[in-house]
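Close look at the chain arrangement
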Amino acid sequence: MRKAALRPYATLPGPYDAATCLVTTVDARGDALWLLCPDTETVPNPYGTPYPRPRRYPYDARLVTSDGTPPVERALTGVRVRPSALDVLPDGRVLVVGGSETRNAQFFGRDGRPGRRFGLGRGARRVLADRRGGLWSAYSDEGIHGDDPTGAAGLVHWDGRGNRRWSLTPPDGLPYPVDTHALNVTDDGTAWFAYHPSPRLLHLGADGRATSWEAAPGVRPQGIAVHGTEIVLLADGVLHRLRRPHRRRASDGVLEPLGEARLTLPDGTPLTRYTDVVGRGRRLYVRGRSVRQWYVLDAWSEEADSLHRISPS
């Protein structure tokens, strides 16, 4: 089996070592984002790795942005949520989401000052802004089955001010989500969504209309990338313990298999440990072993040849 190597994309520089990273992601413009807080404490986690949180609320934070070039820093003041998700909207406003409070999402202006707070719902596993200013939130089982009904549908589309536009209604008699696998928001303001227990991949317009595509058997996508009629699913699950990109072509409601590769780090080491994956159009951004490092996979770039020349799976 051929290998598909990630490329280094953006790294948080050493001068920021003194501050703790609360959350990191990549926005619709391709900027890697790190939200840093200078005064944190480590909280034990009975379900996994201990995590940092601010010692007091509200707190001040620094947003560091880089697309592989020297970073740009912005100060945020009056942050009142413990972040589990972060994004920057096309107009430069910042959205920070997290915690179990009723109003657990907070906007910040371009000047870093706090703006509107609203309830985005608990258990939002993916929160992505698109290039048209819309927001998409996909939920874990906690958010779908918890006592907050906001995320009960599994996927919600919002406008850029935090007003709900619609919630997912699965097409073709498909079940409602129990948990989220992957979400990709494209440049044209549409989205691709994979969830449990659906065997199909959904494409959703900005108006909520959904079409579905038969996914590859046994593939539980952790990431989705889209370019024209071709799709790459980054598999992660019992049948694929190593991260494997599956290349497919959308045709007549079916994703025809074109090939598969084994995903590796730039040095050729297989990627086996859990990392964050952000799907943005044709690109998959994969966080490294450290919250300071982001890699990128673009299966349709001139540099990426392994997914183009592998034989059909």
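Residues numbered from 1 in each chain as written. Predicted model: local features only at pLDDT ≥ 70, side-chain atom pairs only at ≥ 80, totals over all residues. Heavy atoms only, no water.

Our next topic: the sheet that holds strand 15 (residues 155-158). Here we have 4 strands laid out as an open sheet, ordered 13-14-15-16, and antiparallel in their pairing. Two strands close off the open sheet at either side, each with one partner strand: strand 13 (124-129) and strand 16 (164-167). Looking at each pair of strands side by side, their axes are set apart by 20° on average, direction ignored. Sheet topology places strand 13 next to strand 14 (residues 135-139); 5 bridges connect them, and they run antiparallel. (Pairing = 2+ DSSP bridges. Helix = DSSP H or I, 4+ residues; strand = E, 2+ residues; numbered from the N terminus. Axes fitted to C-alpha atoms, helices over the stretch in contact; angles between N-to-C directions.)

In this section: the pattern of salt bridges. The full count for this structure, using the stated rule, is 21 salt bridges. Note that Arg 131 and Asp 187 form a salt bridge whose closest N and O atoms lie 3.1 Å from each other. Here Arg 131 is found in the loop between strand 13 and strand 14, whereas its partner Asp 187 is found in the loop between strand 17 (179-185) and strand 18 (191-196), with 56 residues between them in sequence. A salt bridge links Arg 287 to Asp 276, with the shortest nitrogen-to-oxygen separation between them at 3.0 Å. With a gap of 11 residues between them, Arg 287 in strand 27 (residues 283-287) and Asp 276 in the loop between strand 25 (262-264) and strand 26 (277-280) connect regions that are remote in the sequence. (Salt bridge = Lys/Arg side-chain N within 4 Å of Asp/Glu carboxyl O.)

The residue Val 79 is located in strand 8 (residues 72-79) in this model. For the pair Val 79 and Arg 248, spaced 169 residues apart in sequence, the C-alpha to C-alpha distance is 42 Å. Excluding residues that lie within four positions of it along the chain, Val 79 makes contacts with Tyr 57, Pro 58, Tyr 59, Ala 61, Gln 106 and Phe 108. (Contact = heavy atoms within 4.5 Å.)

Of the two faces of strand 10 (residues 94-97), the one lined by Val 94 and Val 96 and the one lined by Leu 95 and Val 97 are each fully buried. By the bridge criterion, 4 bridges tie strand 9 (residues 85-88) to strand 10 in an arrangement that is antiparallel. Looking at the pairing, Asp 87 lines up with Leu 95 of strand 10. Counting the residues in the hairpin turn of strand 9 and strand 10 gives 5 residues, including Gly 92, whose phi is positive at 95°. In this structure, strand 10 lies alongside strand 11 (residues 105-108), joined through 4 bridges in antiparallel fashion. Each residue of the ladder has a partner; that of Val 94, found in strand 11, is Phe 108. (Buried < 20%, exposed > 50% of the residue type's maximum accessible area, 1.4 Å probe, protein only.)

Further remarks concern the packing of aromatic side chains. The full count for this structure, using the stated rule, is 7 aromatic pairs. With a centroid separation of 5.3 Å and an interplanar angle of 25°, the aromatic rings of Phe 193 and Tyr 195 are classed as stacked. For the pair Phe 193 and Tyr 195, a shared accessibility class is recorded, and that class is buried. Aromatic ring contacts, followed pair by pair, group Phe 107, Phe 118 and Trp 158 into a single cluster. Its end group placed over the ring of Trp 158, Arg 164 keeps NZ or CZ at 5.5 Å from the ring centre. (Phe/Tyr/Trp six-rings, centres within 6.5 Å; stacked < 30°, edge-to-face > 60°. Lys NZ or Arg CZ within 6 Å of the ring centre and 35° of its normal.)

Residues Trp 34, Leu 36, Leu 183, Phe 193 and Leu 204 are the most contacted members of the largest nonpolar core, which totals 29 residues. Put simply, the parts of the chain that give this core at least two residues each are strand 2 (7-11), strand 3 (20-26), strand 4 (32-37), strand 14, strand 17, strand 18, strand 19 (200-204) and strand 28 (293-297). (Core = buried A, V, L, I, M, F, W, Y, C linked by side-chain atoms within 4.5 Å.)

Along the chain, Asp 130 turns up in the loop between strand 13 and strand 14. Among buried Asp, Glu, Lys and Arg side chains, Asp 130 stands out as unpaired, with Arg 165 the closest opposite charge at 5.8 Å. In contact with Asp 130, not counting residues within four places along its chain, are Ala 28, Pro 90, Trp 136, His 157, Val 185, Thr 186 and Gly 189. (Lys, Arg positive; Asp, Glu negative; His and termini not counted.)

Moving on to the environment of Tyr 9. When you line up the elements, Tyr 9 lands in strand 2. Under the relative-accessibility criterion, Tyr 9 is labelled buried at 15%. Sequence spacing of Tyr 9 and Pro 38 is 29 residues, and the spatial spacing of their C-alpha atoms is 25 Å.

Attention shifts here to the sheet that holds strand 3. The strands that make up a sheet pair up through hydrogen bonds in the backbone, lying either parallel or antiparallel. On the basis of which strands lie adjacent, the open sheet formed by 4 strands has the order 3-4-7-8 and antiparallel pairing. Only two strands of the sheet have a single neighbouring strand rather than two, namely strand 3 and strand 8. Across the sheet, the axes of successive neighbouring strands diverge by a mean angle of 20°, strand direction being ignored. Bridge count for strand 7 (residues 59-66) against strand 8 is 6 bridges, and the pairing is antiparallel. In the strand pairing of strand 8, Thr 65 is matched with Val 72.

Mean pLDDT over the protein works out to 90, with 92% of the residues at or above the 70 mark. Per-residue pLDDT stays below 50 along residues 308-313; that stretch engages in 19 contacts with residues further than four places along the chain or on separate chains. (pLDDT = per-residue confidence, 0-100.)

The residue Ser 198 is located in the loop between strand 18 and strand 19 in this model. Apart from residues no more than four positions distant in its own chain, Ser 198 is found in contact with Leu 174 and Pro 175.

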